[in-house]
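Structural characterization, general
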Amino acid sequence: QVQLVESGGGLVQAGGSLRVSCVASGRTISTYTMAWFRHPPGREREFVAATRAGGGITYYADSVKGRFTISRDNAKNMVYLQMNSLKPEDTAVYFCAASTYYSGSASSGYNYWGQGIQVTVSS
């Protein structure tokens, strides 16, 4: 079992930056695909970014490409999402997720989830 806990959310003005973090416990995440999803108000949960085991391959939703960066520190069992040039439409609850067998963008492929953290971008 892997437990995931997000931190670092909050309120930021449009154009600003924020970094959310996810700490894993229970098992090392070095062999897991780690991802970030978000659930905007009134919309369905959506994929944001993912990093495959080893950290060499990352991929992003088109809506955040060039603005967000996912990274991982396997030694610390941490995953990060650096968010720059934030827009009001980035407002959402952000979730950290882990998968032992899947490396895509479908939420159904991830078997461990954090509780989520609110990110609010004001205009």
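Let me sum up the structure you'll find in this document. (Residues numbered from 1 in each chain as written. Predicted model: local features only at pLDDT ≥ 70, side-chain atom pairs only at ≥ 80, totals over all residues. Heavy atoms only, no water.)

1. Things to note about the sheet that holds strand S7 (residues 68-73)
Sheets are built from strands that pair by backbone hydrogen bonding, the pairs being arranged parallel or antiparallel. Overall, antiparallel pairing links the four strands, which are arranged S1-S3-S8-S7 in an open sheet. Because the sheet does not close on itself, it has two edges, and the strands there are strand S1 (3-7) and S7. Strand-to-strand, the axes of this sheet are offset by a mean angle of 15°, without reference to chain direction. Pairing analysis gives six bridges linking strand S3 (residues 18-25) to strand S8 (residues 78-83), with the strands arranged antiparallel. Each residue of the ladder has a partner; that of Arg19, found in S8, is Gln82. (Pairing = 2+ DSSP bridges. Helix = DSSP H or I, 4+ residues; strand = E, 2+ residues; numbered from the N terminus. Axes fitted to C-alpha atoms, helices over the stretch in contact; angles between N-to-C directions.)

2. Observations concerning the side chain of Glu46
Structurally, Glu46 is set in strand S5 (residues 46-51). Polar contacts involving the side chain of Glu46 include one to the side chain of Arg43, which spans 3.0 Å. With near-sequence residues (within four places) excluded, Glu46 lies in contact with Phe37, Arg38 and Pro40. (Polar contact = N/O pair within 3.5 Å; in protein donor to acceptor, adjacent residues only side chain to side chain. Contact = heavy atoms within 4.5 Å.)

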